[in-house]
Amino acid sequence: MTTTASVVAFDQVSKTYGTVRAVDGLSLTLHPGETVALLGPNGAGKSTTLDLLLGLKQPDSGTVRVFGTGPREAIVAGRVGAMLQSGGLMDEVMVAELVRLACALHPKPYPANDVLARAGIAQIADRKVNKLSGGQAQRVRFALATAGDSDLIVLDEPTTGMDVTTRQAFWATMREQADQGRTVLFATHYLEEADAIADRVLVLHRGRLLADGTAAEIKAKAGARRISFDLRDSIDEAALRALPFLTHLDVSGHTVRIQSADADATVHALYGLGAYPRNLEVAGLGLEQAFVAITEAEEARTR
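Described in the following lines is the structure provided in the data block.

Analysis parameters
- Residues numbered from 1 in each chain as written.
- Predicted model: local features only at pLDDT ≥ 70, side-chain atom pairs only at ≥ 80, totals over all residues.
- Heavy atoms only, no water.
- Buried < 20%, exposed > 50% of the residue type's maximum accessible area, 1.4 Å probe, protein only.
- Helix = DSSP H or I, 4+ residues; strand = E, 2+ residues; numbered from the N terminus.
- Pairing = 2+ DSSP bridges.
- Axes fitted to C-alpha atoms, helices over the stretch in contact; angles between N-to-C directions.
- Parallel < 35°, antiparallel > 145°, perpendicular 65-115°, else oblique.
- Left-handed = near helix turned anticlockwise from the far one by under 90°.
- Contact = heavy atoms within 4.5 Å.
- Nonpolar A, V, L, I, M, F, W, Y, C, P; charged D, E, K, R; others polar.
- Salt bridge = Lys/Arg side-chain N within 4 Å of Asp/Glu carboxyl O.

## What to know about the pairing of strand 6 (residues 152-156)
Two faces make up the sheet, and in a regular strand the side chains alternate between them.
Here is step 1: The buried count for strand 6 comes to 5 of 5 residues, which makes it a mostly enclosed element.
Here is step 2: Burial along strand 6 is two-sided: the residues Leu152, Val154 and Asp156 and Ile153 and Leu155 are all buried.
Here is step 3: Pairing geometry for strand 5 (residues 80-83) and strand 6, over 4 bridges, is parallel. Residue pairing in the sheet places valine 80 in a bridge with leucine 152 of strand 6.

Structure below.
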């Protein structure tokens, strides 16, 4: 694994809290200019992974390198900007004062007024931090993370508390950052964001890397497709559950939604039941359904 050409390199990294292995032999590499989504169920190790990347925690084994050096060295050099869930903002301080402080501390700062404008908080610059809404506080955290010319931006659940319009504006700004050659790594529970924004998706499960690829590759890895249709006649759920390659069944009134590992075989068997499906649709899984399918399959395998 090359560390000098990579932005981030984890090599067999593990971190344990008591009997809980939060990160388990994790190896991954991030490259310049990538926008990477970090996904995983609660307890998958996402936050611990980000803490290790940022030098807030030390691995029990393995190595973490950021731009070929230790995480703290990269941060001191101003190469990393971070927006984390944990840690509060200073109360009784005005937004502009906090942003100016962040700019003053950065080795390669941007003008504070530019930072305020890019984060969409110029209109609340004179407001005290403890008087902000949740979405406004998130935008202030984003401003602090982008106060200077950093090569890697790390975001932990960045759009929590933002309304739809603000989220769209936020991601437009992040696309601009990526277009300028920066690497963006973000953890999110909004899988539609990962699908729309990320060049690459990492799926963590119990501290291990379960899947790594584009959103399309992650969907294909799930190996299932969605089938939906309407039935006018009464529905025999037992017969539907007996369809071949069925992985999930949902019946709502006369509407049936199925996930199948072999959609062609399932639809053929459906007609074999003498059913006459209307409005039949067959499509690939969305990223959310694929994520659930992959993690549930891993849970079943490790039970």
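## Topic: the packing of helix 8 (residues 215-222) against helix 11 (residues 287-302)
Here is step 1: Running from amino to carboxyl end, helix 8 crosses helix 11 at an angle of 50°, the nearest separation of the two axes being 8 Å. The angle between helix 8 and helix 11 places the two elements in the oblique class. Pair helix 8 / helix 11 crosses with left-handed handedness. Residues Ala215, Ile218, Lys219, Lys221 and Ala222 of helix 8 form the contact with helix 11, whose own contacting residues are Leu287, Ala290, Ala293 and Ile294.

## Some thoughts on helix 1 (residues 46-53)
Here is step 1: Within helix 1, 7 of the 8 residues are buried, which leaves the element mostly enclosed by the surrounding structure.
Here is step 2: Restricting attention to buried positions, one finds in helix 1 the residues Lys46, Thr48, Thr49, Leu50, Asp51, Leu52 and Leu53.
Here is step 3: Remark: glycine 55 follows helix 1 within two positions and exhibits a positive phi of approximately 75°.

## Observations regarding the sheet that holds strand 4 (residues 61-66)
Here is step 1: On the basis of which strands lie adjacent, the open sheet formed by 3 strands has the order 2-1-4 and antiparallel pairing. Looking at which strands have only one partner, the edges of the open sheet turn out to be strand 2 (20-30) and strand 4. The average undirected angle you get between the axes of adjacent strands in this sheet is 25°.
Here is step 2: Sheet topology note: the strand 1 (residues 8-17)/strand 4 ladder contains 5 bridges and is antiparallel. Bridge pairing in strand 4 places serine 14 opposite serine 61.
Here is step 3: Here helix 1 sits on the sheet in contact with strand 1, strand 2 and strand 4, set at roughly 120° to strand 1.

## Digging into the packing of helix 3 (residues 95-105) against helix 5 (residues 134-145)
Here is step 1: One can describe the packing of helix 3 onto helix 5 by two numbers: an axis separation of 9 Å at closest approach and a directional angle of 25°. In terms of orientation, helix 3 lies roughly parallel with respect to helix 5. Judged by the twist between their axes, the crossing of helix 3 over helix 5 is right-handed. Facing helix 3, whose interface residues are Val95, Leu98, Val99 and Ala102, helix 5 presents Val140, Ala143 and Leu144.
Here is step 2: In terms of residue class, the contact of helix 3 with helix 5 is built from 7 nonpolar, no polar and no charged.

## As for the sheet that holds strand 12 (residues 255-260)
Here is step 1: Spatially, 11-12-10-13 is the arrangement adopted by the 4 strands of the open sheet, whose pairing is antiparallel. Unpaired on one side and paired on the other, strand 11 (246-252) and strand 13 (278-284) mark the two borders of the sheet. With strand direction ignored, the average angle separating the axes of adjacent strands in the sheet is 15°.
Here is step 2: Pairing analysis gives 5 bridges linking strand 10 (residues 225-230) to strand 13, with the strands arranged antiparallel. Its bridge partner being in strand 13, isoleucine 227 is matched across the sheet by valine 282.
Here is step 3: On the sheet, helix 10 (residues 263-272) packs against strand 10, strand 12 and strand 13 and is oriented at approximately 25° with respect to strand 10.

## Focus on the pattern of salt bridges
Here is step 1: Applying the stated criterion to the full structure yields 13 salt bridges.
Here is step 2: Where aspartate 51 meets lysine 57, a salt bridge forms, and the shortest distance between an N and an O atom there is 2.9 Å.
Here is step 3: Across the pair arginine 257 and aspartate 250 runs a salt bridge, and its minimum N-O distance is 3.6 Å.
Here is step 4: The class of aspartate 250 is partly exposed, set by a relative accessible area of 33%.
Here is step 5: Each member of the salt-bridge network shares a partner with another, and the members are Glu34, Arg200 and Asp212.

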